[in-house]
Amino acid sequence: MANEVAEHDYQLNVKMTCGGCSGAITRVLSKAQQEVSSFDVSLDTQLVNVKGIIEQEALVEKIRKTGKQVRLG
């Protein structure tokens, strides 16, 4: 039996006020290439869509380290 890791799809609501905010999130997700296969950061909709093997808690922590507020639930 193969030990495969499931890929997840996440949509997070992140408070971003400017291009610098979305740029910071883009940079941190770009550095997580082993855990994140694709992502999209939208300043207009305040949404960050992420696909990858990363767990949600780790993803939220990476985004929060940029100083941005992640709105869950």
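Here, the structure is the one placed above.
What counts as what
Residues numbered from 1 in each chain as written. Predicted model: local features only at pLDDT ≥ 70, side-chain atom pairs only at ≥ 80, totals over all residues. Heavy atoms only, no water. Salt bridge = Lys/Arg side-chain N within 4 Å of Asp/Glu carboxyl O. Helix = DSSP H or I, 4+ residues; strand = E, 2+ residues; numbered from the N terminus. Buried < 20%, exposed > 50% of the residue type's maximum accessible area, 1.4 Å probe, protein only. Arc of directions from axis to C-beta. Contact = heavy atoms within 4.5 Å. Disulfide = S-S within 2.5 Å. Pairing = 2+ DSSP bridges. Expected span 1.5 Å × (residues − 1).

### Describing the pattern of salt bridges
Side chains that carry opposite charge are capable of pairing whenever their charged atoms lie near each other.
Reasoning step 1: Inspection of the entire model under this criterion finds 2 salt bridges.
Reasoning step 2: Among the salt bridges present, the one from Lys51 reaches Asp9, with a minimum N-O distance of 3.9 Å. Here Lys51 is found in strand β3 (residues 47-52), whereas its partner Asp9 is found in strand β1 (residues 8-14), with 42 residues between them in sequence.
Reasoning step 3: A relative accessible area of 33% places Lys51 in the partly exposed class.

### So, helix α2 (residues 56-64)
Reasoning step 1: Among the residues of α2, those classed as buried are Leu59, Val60 and Ile63. Projected onto a plane normal to the axis of α2, the buried residues spread over an arc of 95 degrees and lie on a single side.
Reasoning step 2: Contacts made by the buried residues of α2 are with β1, α1 (19-30), β3 and β4 (70-71).

### Remarks on the state of the cysteines
Here is the idea: a disulfide is a covalent bond, and it sits between the sulfur atoms of two cysteines.
Reasoning step 1: The tally for this structure, following the rule as stated, stands at 0 disulfides.
Reasoning step 2: Cys18 carries a free sulfur, and the closest cysteine sulfur to it, the one in Cys21, is 3.6 Å from it.

### Concerning the environment of Asp9
Reasoning step 1: You can call Asp9 exposed: its relative accessible area is 59%.
Reasoning step 2: The contacts of Asp9, once residues within four sequence positions are left out, are Val50 and Lys51.

### Some remarks on the pairing of β1
As a general feature of sheets, a regular strand has side chains that alternate between the two faces.
Reasoning step 1: Two elements, β1 and β3, share 6 bridges in a ladder whose sense is antiparallel. Each bridged residue has a counterpart across the sheet, and for Asp9 the counterpart in β3 is Lys51.

### Things to note about α1
Reasoning step 1: Look at α1: 16 Å from first C-alpha to last across 12 residues, which is about the 16 Å you get at 1.5 Å a residue.
Reasoning step 2: All of the buried residues in α1 are Cys21, Ser22, Gly23, Ala24, Ile25 and Leu29.
Reasoning step 3: Considering only its buried residues, α1 is in contact with β1, β2 (36-42), β3 and α2.

### Points about the pairing of β2
Reasoning step 1: In this sheet, β3 lies alongside β2 in antiparallel orientation, the contact comprising 6 bridges. Counterpart to Ser38 in the pairing with β3 is Lys51.
Reasoning step 2: Between the antiparallel neighbours β2 and β3 lie 4 residues, among them Gln46 with a positive phi of about 65 degrees.

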